[in-house]
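Spelled out from the first residue to the last, the chains are:
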Amino acid sequence: MATQPKTHTQNNKNKKKKAKIKWSNLYTFSCFRPTQPVTRSDFGQPGFSRVVFCNESSMHKTKPYKYPTNEVSTTKYNIITFLPKSLFEQFRRVANLYFLLVAVLSLTFSAPFSRLSLIAPLVFVVGISILKEAVEDWNRFLQDLDVNSRKVKVHIGNGSFVDRSWRTIRVGDVVKVNKNDYFPCDLLLLSSSYEDGVCYVETMNLDGETNLKIKRCLECTLCFDAESKFDMFKGTVRCEDPNSSLYTFVANLEFNDSSYSLSPSQLLLRDSKLQNTDYVYGVVVFTGRDTKVVRNSMKSPSKRSRIERKMDHVIYVLFFMLLLISLVSSIGSVKETDQEQTPKEWWWYLRLKDDTDGSFDPDNPLVSGFLQFLRALILYGYLIPISLYVSIEVVKFLQAMLINNDQHLFDELSGRSVEARTSNLNEELGQVELILTDKTGTLTCNQMEFRKCSIEGVSYGGNVNEIVRAASQRMNIDIDSYRFNLDDVDSVSTPGYSREMVEICSDRITDSQNSILEGENGANNGGGSSIKGFNFRDDRLMKRMWVNGSNVWDMIMFFRVMALCHTGIPVENEERLGGCKLRYEAESPEEVTFLIAAQEFGFQFCRRTQSSMFVKEIDPTSVEVEREYKLLNLLEFSSSRKRMSVIVRDESGQIFLFSKGADNIIFDRLGDGGRTYQHATTMHLADYAEDGLRTMVFAYRKIKDSEYEEWSSSFAKAKAAMGPERDELLENISENIEKDLVLLGAVAVDDKLQAGVAECIDKLAQAGLKIWLLTGDKKETAVNIGFACSLLRHDMHQFHLSLSRDSESKNELKAMKDDILNQIEASYRVFINETTKNDPFALVVDGKALEIALMNDIRDHFLELAVNCASVICCRVSPKQKALITRLVKTYTGKMTLAIGDGANDVGMIQEADIGIGISGMEGMQAVMASDFSMPQFRFLERLLIVHGHWCYKRLCKMILYFVYKNIVFGLTLFYYELYSKFSGDVLYDGWYMVMFNLFLTSLPVISLGVLEQDVSSDTCLQFPALYQQGQKSIFFSWKRIIGWMGNGILTSLTIFILNVYMLSSSAFRKGGEVVDIAHLGVITYTGIVWTVNCQIALIITHFTWIQHIFIWGSILSWYIFLLFYGALPPVHSNREYKLLVEAVGPTPMYWIVVLLVVVISLLPYFIYMVIQRTLYPMDDHIIQEMEYEMEVVLDNETWLKEKQSSRKATHIGFSARVDAKILYLKDQLHKKRMFIINSFTNSPVRRSITVNTVENRD
């Protein structure tokens, strides 16, 4: 406890020093461009009509300056729209519309059943569905409530700030946002904890970029740096109207009788985060739905699954069948009622005019026929299963519960699990063909690690990656001993190298490789320390061993570049490993990683002032000294420069330029004497890139004092220049100093993937899914991640679409279109070429090129190329472009799309896709709130799709087909009896039988089928990922299967009715000679149907549990229990069913014999079909089931392994595909090695001398 005050004081000192650094004096380019008052005539006109009264939010409570509140909603409904919108959603279903018609008809006198029995099921089904929608939308409301209830400090007057919820913030409020907090709305930056009003903002939630953005307030508001000073602050902002552009902001600030121009550099956007800055003050400009991030989002769409949409077509077929048999009944009734040969004196016997509703009026047959048609529509309505929809709702809800409670989908680190936020799309998970994924926070975990480096042409940090190790295991070779020898072959084939050089260097290389491997093994065994951001193992550099090298000067300069060329600040001391270790903050995560690495190598950047940088470094004698470097200039990194440089003066007065950047940029600026290590470094960079690592090259140069003075004078003039040519002028002058560089080496940083991402992508690829990467990051970063997660491989043909400099400089739309179209056509010619058509292809597109490629007259050509590539990577993509790509791909290909992301910039893509998944990570909850499913990490997508998706798809398909089957069996027996009874209009079954059939006697078994059915186990699903393709091909819900099950239902119903009629009508039914009447025939036929449909579902089920046994056999038992109790009621209630089971059919053996024969004969056709299919035409799941249930089969069984191998789809992406490609490469290299040895021996002087001696001896 005694050390706490000291630590607190130290932290305060660090913050104070940090605040005194004026970054605006160091940076040179557009971020800190001088502003000048600008008077725009646009303000006050349409598009630029917004006026904000700063610190006077009360002015915005009334029109014309009243703006939306800051409350944001992602719900589908509100109190007013819930009922009409939810009813519309329910009656989009064709079956519900039909039963609404039936309910209306039940109000007439032609209904064969009571009104309650027809209206109640519709109300129940629609009510359950609406209730489910209400519960799901309520959960969205609760998540919105959590976001809207977040707290932020708001100025309430007199210099006082109080905590208020986000929802209460109004335009004009002054708010204070602290470090690591999100901005609650779009703010105009007024001041920050830094003396010159600079702050760092993380926009990863908006554009996916990990680099921090630098924002700077106007100089006129710098003085408002304390809460007490805001009592006197007043100003007016006139700006553009709300829009979706994240990168533009046109506005003026009127303050102290002056007007100041504002730019995007002063705008802090909602859902971005304050980083590396203790606090900022800002005034609210846009709130709620006016904020730019919300403008980029979409309303929550109502999604319907493909199976549900196809069900509508199935209902159309059933409705056509219903109309057909109703028409037949109507025509038959008219014909029988109007028969001329029927004597009128017989009417007294038929009693057609007594107690009739007009359905059988011989005097008016057409009217009675029409009424009979309406009656038949209601009577045969059991062909259209209204209970199917409520059963599906129940099943999907229970499926979602199983997904939510799957322990394999729980992340212990975050304490979160996969959550189905809507249950409407469970079966869609089993039909996905294309995945569109974000990068930052979705594939990566936003952590950088220093992994490898190349210094003086020597690589450090290990060379053997997972791909090579897996390939060596498959080839059964020790790749560690082969690796460098294989590289030697390439070296030999390079001009300037001799065989003698290779032989001399081989021992040193082998020894070096052994030391690397020993270091790696030590780390794996716990010998290395765990340091965040530093995952480097090589004894040649660690523990100051580098001082023993042959060229220590270049080593020192390499580490100095790492320790000095950055924008970082040490912010906190940490006692670790017995020494003082510093923690750093910087503009980009790579810079933090370099500072940590430099610290581990003995070059600790310890503090910074406005003009100096201090480094504790190791001199060649292994002594630690602190050196001061005067910071003369900082030429910052930008997307166009692709490099960063600092100019410093050391303690001896020498001036150095330290530079780091992209390899091609730095190589172009090397001097003639600075390319010593270029060839070796290039080879190492290629290896690092293949491993998916981000690379950067280090270089330096000495600058003479006279040269620097001349350059500094020109640079100062350019920096003070005004106008649009300022940046170009600065760039040209920077080129004059960043030349004649000396190459030192390169570094490789790992943008760390989330755990299991590579394995997940590999399994998804084997299952037949394509993966597109859509990111706001730059192309180089996206390509590196593509290699890291195995979306790219070294032998792929990569098509890069980007605007050429000529077309971009012209800025003419036609020229840019022609440029992109020519690139697409050239790429497609390569694709269709006979020699390359079987090779893997990848497409990499940047944002500007993508904007052109998605235009109406080019998009078809672009999509044709893209969908034929194994993987597609789109870089610098805006949120709206993500949504547009998703929509176009979904429309163009017709494939099931799944979008997954973690930030607000992914919301549009998530909502546009067939299935949207939000990562519940560290970047807010916007993506989760807009998603259909949420998960803590990307790796859970493997089990969610391949296991649960496959199960849910197959369960629902079986359930729907069975439902159609059982309702056809039940409904058609009513029609057959109508034919048998000469269209008399009698109903074969009691009314309560009709209600009980779908409500109790067949409902629970079908629900258990939809919830618990498993064709194979979860482990088997993951071992045989190609089973997933059954859903992609819609095998189990194709029209062939639908028609087949309909035919099975028709055949079964015909068999049941014919057997019952002809077995019971030809002889006496009881001992007294009584024959069956309609009550007997009805109950026996009904019993046969109950037994048959329940035994049929037992044949369908492949995974039995005790629950299913109880439901199936319990449903049959419940029929007898119902019949017993119903028959025990007085005749006034039970009608003709009074004691029917106890006294009439139960004691009769004929009843039990008929039921047994009916069930066996009815199920025989399906049983024969099942035997033939599994014997002669088995599917993959049939074969796997046979092997899985054979007890003697073990996992290494030859048949099992063969089926397992064949079940993997041949793919060009994924870890397995990269291993296969690496094996081919290594085999080719080994062949070259053998040929080289043979040729070397053949042409060697030793062999010639042996040959000559042999010939002489023969002579």
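Residues numbered from 1 in each chain as written. Predicted model: local features only at pLDDT ≥ 70, side-chain atom pairs only at ≥ 80, totals over all residues. Heavy atoms only, no water.

(A) Just the overall build of the protein, in detail. A tally of helices and strands in the protein yields 43 helices and 35 strands. A burial count over the protein gives 55% of its 1259 residues as buried. A fraction of 75% describes how many contacts in the protein between residues 6 or more apart in sequence connect residues 24 or more apart. For the protein, the accessible area works out to roughly 54,300 Å², and carbon and sulfur atoms hold 56% of it. (Helix = DSSP H or I, 4+ residues; strand = E, 2+ residues; numbered from the N terminus. Buried < 20%, exposed > 50% of the residue type's maximum accessible area, 1.4 Å probe, protein only. Contact = heavy atoms within 4.5 Å. Areas by Shrake-Rupley, 256 points an atom, 1.4 Å probe, with all protein chains shown as cover.)

(B) Inspection of the pairing of strand β31 (residues 841–845) at higher detail. Most of β31 is tucked away, with five of its five residues classed as buried. Because side chains alternate across β31, one face comprises the buried residues Phe841, Leu843 and Val845, and the other comprises Ala842 and Val844, equally buried. Sheet analysis places β31 next to strand β32 (residues 871–874), joined by four bridges and oriented parallel. Within the sheet, the bridge partner assigned to Ala842 lies in β32 and is Ser871. (Pairing = 2+ DSSP bridges.)

(C) Structural view of unusual backbone geometry. Omega for the bond connecting Lys63 with Pro64 falls within 30 degrees of zero, at 10°, which places this linkage in the cis form. Relative to the helices and strands, Pro64 is located in the loop between β1 (50–54) and α2 (82–90). Of note in this structure, Asn158 is not a glycine but carries a positive phi near 60°. With respect to the secondary-structure elements, Asn158 resides in the loop between β2 (151–157) and β3 (160–165). One non-glycine residue, Ser790, lies in positive phi territory at about 70°. As for its placement among the helices and strands, Ser790 is situated in the loop between α21 (779–788) and β30 (797–801).

(D) A look at the pattern of salt bridges. Per the counting criterion, the structure on display carries 47 salt bridges. For Lys229, the salt bridge identified is with Asp225, shortest N-O distance 2.9 Å. On the basis of relative accessible area, Lys229 is assigned to the partly exposed category, the value being 39%. Linking Lys396 and Glu427 is a salt bridge whose minimum nitrogen-to-oxygen distance equals 3.1 Å. Taken together, the positions of Lys396 in helix α10 (residues 386–404) and Glu427 in the loop between β16 (419–420) and β17 (434–437) put the pair 31 residues apart, joining distant regions of the chain. Per residue, the accessibility class of Lys396 equals that of Glu427, and both read buried. Within the structure, one salt-bridge network assembled from shared partners comprises Arg641, Arg643, Arg669, Glu731, Glu735 and Glu738. (Salt bridge = Lys/Arg side-chain N within 4 Å of Asp/Glu carboxyl O.)

(E) Molecular detail of the packing of aromatic side chains. Throughout the structure, instances matching the rule amount to 55 aromatic pairs. Ring centres of Tyr977 and Tyr980 lie 6.3 Å apart, and the angle between their planes is 45°; this geometry places the pair in the tilted category. Of this pair, Tyr977 and Tyr980 both sit in helix α29 (residues 940–980), three residues apart, roughly one helical turn. For Tyr977, a relative accessible area of 8% puts it in the buried group. Its relative accessible area of 44% is what places Tyr980 among the partly exposed residues. Taking 6.4 Å as the distance between ring centres and 70° as the angle between the ring planes, the aromatic pair formed by Tyr993 and Phe1122 counts as edge-to-face. Of this pair, Tyr993 sits in helix α30 (residues 991–1001) while Phe1122 is found in helix α36 (residues 1106–1128), placing the two residues 129 residues apart along the sequence. In this structure an aromatic cluster arises from ring pairing among Phe450, Phe534, Phe536, Trp546, Phe558, Phe559, Phe594, Phe601, Phe603 and Phe698. Above the face of the Tyr67 ring, Arg50 is positioned so that its terminal group lies 3.9 Å from the ring centre. Over the ring of Trp166 we find Arg150, and its NZ or CZ is 5.2 Å from the ring centre. (Phe/Tyr/Trp six-rings, centres within 6.5 Å; stacked < 30°, edge-to-face > 60°. Lys NZ or Arg CZ within 6 Å of the ring centre and 35° of its normal.)

That's the geometry; what it means functionally is another story.
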